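What follows is the residue order along each chain.
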Amino acid sequence: MVHVTGRGGEDVQSDGERALGGLLEAMHLAGMEDLPPLANEHARTAGFSHAVLYATDLQQQLLVPLPGQRDAAGRPLESLRIDGTMPGRAFRAVTIVRARSPHDERTPMVWLPLLDGTERIGVLGLGVPHDGKLAETRAKDLASLVALMVISKRPHSDSFARLVRARPLALSAEVLWNLLPPGTFANDDVVISAALEPAYEMGGDAFDYALDGQTLHLSIFDAMGHDASAGLTATIAMAACRNNRRHGVELAGLGDAIDAAIREQFSGRFATGILAELDLGSGQLTWVNRGHHPPLVLRDGHLVASLGSVPDPPMGFGLNVSTGPLHYQLEPGDRLLFYTDGVIEAQSPDGELFGLERFIDFVVRREADGMSAPETLRRLIQAILAHQRGRLQDDATVVTVEWQTRRRFQLVL
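Cut-offs applied
- Residues numbered from 1 in each chain as written.
- Predicted model: local features only at pLDDT ≥ 70, side-chain atom pairs only at ≥ 80, totals over all residues.
- Heavy atoms only, no water.
- Patch = residues over 30% accessible without salt bridge, like charges linked within 9 Å, V, L, I, M, F, W, Y side chains within 5 Å.
- Areas by Shrake-Rupley, 256 points an atom, 1.4 Å probe, with all protein chains shown as cover.
- Salt bridge = Lys/Arg side-chain N within 4 Å of Asp/Glu carboxyl O.
- Helix = DSSP H or I, 4+ residues; strand = E, 2+ residues; numbered from the N terminus.
- Buried < 20%, exposed > 50% of the residue type's maximum accessible area, 1.4 Å probe, protein only.
- Contact = heavy atoms within 4.5 Å.
- pLDDT = per-residue confidence, 0-100.
- Pairing = 2+ DSSP bridges.
- Axes fitted to C-alpha atoms, helices over the stretch in contact; angles between N-to-C directions.
- Polar contact = N/O pair within 3.5 Å; in protein donor to acceptor, adjacent residues only side chain to side chain.

Draft legend 1. Broad picture of a nonpolar patch on the surface. Among the surface-exposed residues, Phe317, Leu319 and Val321 lie close enough to one another that they form a single nonpolar patch of about 280 Å² accessible area. Tracing the backbone through its elements, the reader meets Leu319 in the loop between β16 (302–306) and β17 (326–329). Classification of Leu319 by relative accessible area gives partly exposed; the value is 45%.

Set out below in structure tokens:
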């Protein structure tokens, strides 16, 4: 932030400070529909010719303009592809991109990702009459504040919910999307990314994570079936896990608590899952496998461990058989992969499975390319969809956890 000192020694606000201060004051009583004109107004105060806001759709294939915005000819803005466009590059690479406006070739633009922590929610485009370090600093400050505004208005905005949907959600998807944590989280110790499909009809898959001091709680669930009942089973599993965990139930007892909750609500329903804890100080992973695919460990671009074991029964059967918690020591930089069977069992029209080997190879290759974990999973989901010609036969969910990798998610200048 730049401060200017007047002749009498008093502080005088810069244009950038006035823009941010005015935008911050206006946001308290603004709705989602007010954000584009507010951003545009205060961007002009900061020295930019105009501002445009785009949000990503549920499948992270498109950048969708917030309502009410128009191009230089007065036409409503159109959606942009995330792949193959300059605004999409800002989103994909989490970087500032300089380019011409896609709607007016005469206008120089900077495009910046809109981030909630490390969750990518869209992009901000700013017309830049005069480029330079000061303009770049002001652009980043504006993008940070605009992202905060979008996040604060999103939970209670039906117009935003409709905006980011290419088609209506199934009932089970409506329930689960409102319970899932953000698809990306990072701090100095860990990077978490998750992705799931089909975004509009997902039924029985769910994931969860939460921090408790130096402990990271992780879970992934795959409930029986692909209908609303499967979605409700996964919802009960996730809620029972959270509720009992927050009441101090230790990892060994969580699976039994979830088992009891499913049996209480449903007859004949069950869910597989992994319930895990990661000590962020030591890298010690502890987990319970309830009939699920084993977690995988990648190190330096190679699969070094499949954390297989004799799994406990799925949750919902009431079978009191337990091998107890399992343990594995991670090394700094290790990446954990949790997944459901819809990933490796995705089948092409001619019967070819996507397979475990292809799954691991895809993640390893993107990691070798220096791609961030969120972008790797976005592309993985697109590859799985393409393998099945755009429609999955089963839910596919992936969660990656990188321990002590501080280089993976940075804003590149």
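Draft legend 2. The side chain of Ser193, seen in detail. Among the structural elements, Ser193 can be located in strand β10 (residues 190–197). With residues near it in sequence (within four places) discarded, Ser193 still touches Gly183, Thr184, Ala373, Pro374, Leu377, Val398, Val399 and Thr400.

Draft legend 3. Region of interest: the confidence of the model for the chain. Taken residue by residue, the chain gives an average pLDDT of 89. The fraction at 70 or more is 93%. Note on residues 1–12: pLDDT under 50 across the span, and 15 contacts to partners over four residues away in sequence or across chains.

Draft legend 4. Spotlight on the pairing of strand β18 (residues 335–339). In terms of residue burial, β18 counts as a mostly covered element, since 5 of its 5 residues are buried. Residues Arg335, Leu337 and Tyr339 point to one face of β18 and Leu336 and Phe338 to the other, with burial holding for every one of them. Where strand β15 (residues 296–299) lies against β18, 3 bridges are found, and the strand directions are antiparallel. When the sheet's bridge partners are listed, Leu296 is paired in β18 with Leu337. Bridge analysis of β18 against strand β19 (residues 396–403) gives 5 bridges, and the strand direction is antiparallel. Bridge assignment links Phe338 to a residue of β19, and that residue is Val399.

Draft legend 5. Structural context of the environment of Leu377. Looking at where Leu377 falls in the secondary structure, it is placed in helix α11 (residues 373–387). Once the C-alpha coordinates of Leu377 and Glu197 are considered, the two residues, 180 residues apart in sequence, prove to be 11 Å apart. Contacts of Leu377, omitting those with residues within four sequence positions, involve Ser193, Ala194, Ala195, Val398 and Thr400.

Draft legend 6. Region of the structure containing the pattern of salt bridges. The tally for this structure, following the rule as stated, stands at 21 salt bridges. Among the salt bridges present, the one from Glu375 reaches Arg120, with a minimum N-O distance of 2.8 Å. With Glu375 in helix α11 and Arg120 in strand β8 (residues 119–127), this residue pair connects regions lying 255 residues apart in the sequence. The two residues Glu375 and Arg120 agree in class, both being buried. Across the pair Glu174 and Arg165 runs a salt bridge whose closest N-O atoms are separated by 2.9 Å. By relative accessible area, Arg165 is classed as partly exposed at 26%.

Draft legend 7. Local environment of unusual backbone geometry. The omega torsion across Glu197 and Pro198 is 0 degrees, close enough to zero to call that bond cis. Inspection of the secondary structure assignment puts Pro198 in the loop between β10 and β11 (205–212). Positive phi, normally seen in glycine, also occurs at Val94, with a value near 50 degrees. Within the secondary structure, Val94 sits in the loop between α3 (86–93) and β6 (97–100). Notably, Asp300 is not glycine yet its phi reads approximately 50 degrees, a positive angle. Here Asp300 lies in the loop between β15 and β16. For Asp300, a relative accessible area of 70% gives the class exposed.

Draft legend 8. Structural view of the sheet that holds β17. Taken together, 5 strands build an open sheet; the order of strands is β11-β12-β13-β14-β17 and the sheet is antiparallel. Each end of this open sheet is capped by a strand with a single partner; those strands are β11 and β17. Across the sheet, the mean angle separating the axes of adjacent strands is 15 degrees when strand polarity is ignored. Relative to the sheet, helix α7 (residues 228–246) contacts β11, β12 (215–223) and β13 (271–279), its axis offset from that of β12 by approximately 160 degrees. Relative to β13, helix α8 (residues 251–265) is tilted by about 150 degrees, and along the sheet it contacts β12, β13 and β14 (284–290).

Draft legend 9. Broad picture of α3. Inspection of α3 places Pro87, Gly88, Ala90, Phe91 and Arg92 among the buried residues, and these make up the whole buried set. Its side-chain oxygen 3.0 Å from the backbone nitrogen of Gly88, Thr85 forms the N-cap of α3. Positioned one or two residues after α3, Val94 has a phi angle of 50 degrees, which is positive.

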